[in-house]
Amino acid sequence: MIRVDKLYESVSLKASVTERAFVDKLNSSISEIYNKCNLNPETEYEEMPRATSVKDTLDIDSRYLDSIHDNIIYLVTGNNDFKSEAIRKYREADTSVWNDNSKNRRLKRRSW
C-alpha cells in the first residue's frame, strides 16, 4: 500500500509540483510500471490503481515506491539521472517481487 500524501511530500521536497500535476505524473508512472510488467493495459485497466487526489492510498507493492518516486521527479524536472535511477530501482523491486513469488516452487522437467 502506498500513501499518496507521503509520496507527494517527499517529491515536493526535491521538485516544486502542484497536487494536480503530481497526480497526473503518478498515474503515468504507474502505467509505465504496468507496461514494463507486460500487463496488457486494455485488459488489465480495471485492476490498475489510479490516483484521483493526494489523499488516496494505492494498492501497489511498496517495493516499487522508490522507483515511482524517482520517475515522478524525472517527469517534473527532466533530469535524466532520476530516470536512470528509477529504472535501476524498478529492476531491483521487480526482481525482489519475482523472487518472493517463486519461493518454494520448482521447475519440473517436461515429461514425454
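All values reported here derive from a predicted model rather than from experimental measurement.

Draft legend 1. Representation of empty space enclosed by the protein within the structure. Going through the model one piece at a time under the given rule, you end up with one cavity of 30 Å³ or more. Looking at the largest cavity, the residues that line it are Ser-29, Glu-32, Ile-33, Lys-36, Ser-67, Ile-68, Asn-71, Lys-83, Ala-86, Ile-87 and Tyr-90. Contributing elements (two or more residues each) for the lining of the largest cavity: α2 (19–36), α3 (65–77) and α4 (80–101). Tallied by class, residues from the lining of the largest cavity come to five nonpolar, three polar and three charged.

Draft legend 2. Structural detail: the pattern of salt bridges. Taken as a whole and judged by the stated rule, the model has seven salt bridges. One salt bridge in this structure joins Asp-5 and Arg-3, with 3.0 Å as the shortest N-O distance. Note that Glu-85 is salt-bridged to Arg-88, the shortest N-O span being 2.7 Å. Highlighted residues: Glu-85 and Arg-88, both in helix α4, separated by three residues, approximately one helical turn. One network of salt bridges, in which partners are shared, links Asp-61, Arg-63 and Asp-100.

Parameters at a glance
Residues numbered from 1 in each chain as written. Predicted model: local features only at pLDDT ≥ 70, side-chain atom pairs only at ≥ 80, totals over all residues. Heavy atoms only, no water. 1 Å grid on protein atoms, 1.4 Å probe; cavity = no way out; pocket = protein on both sides within 12 Å on 5 of 7 lines; lining within 4 Å. Points joined across faces, edges and corners; volume = space filled by probe spheres on them. Helix = DSSP H or I, 4+ residues; strand = E, 2+ residues; numbered from the N terminus. Nonpolar A, V, L, I, M, F, W, Y, C, P; charged D, E, K, R; others polar. Salt bridge = Lys/Arg side-chain N within 4 Å of Asp/Glu carboxyl O.

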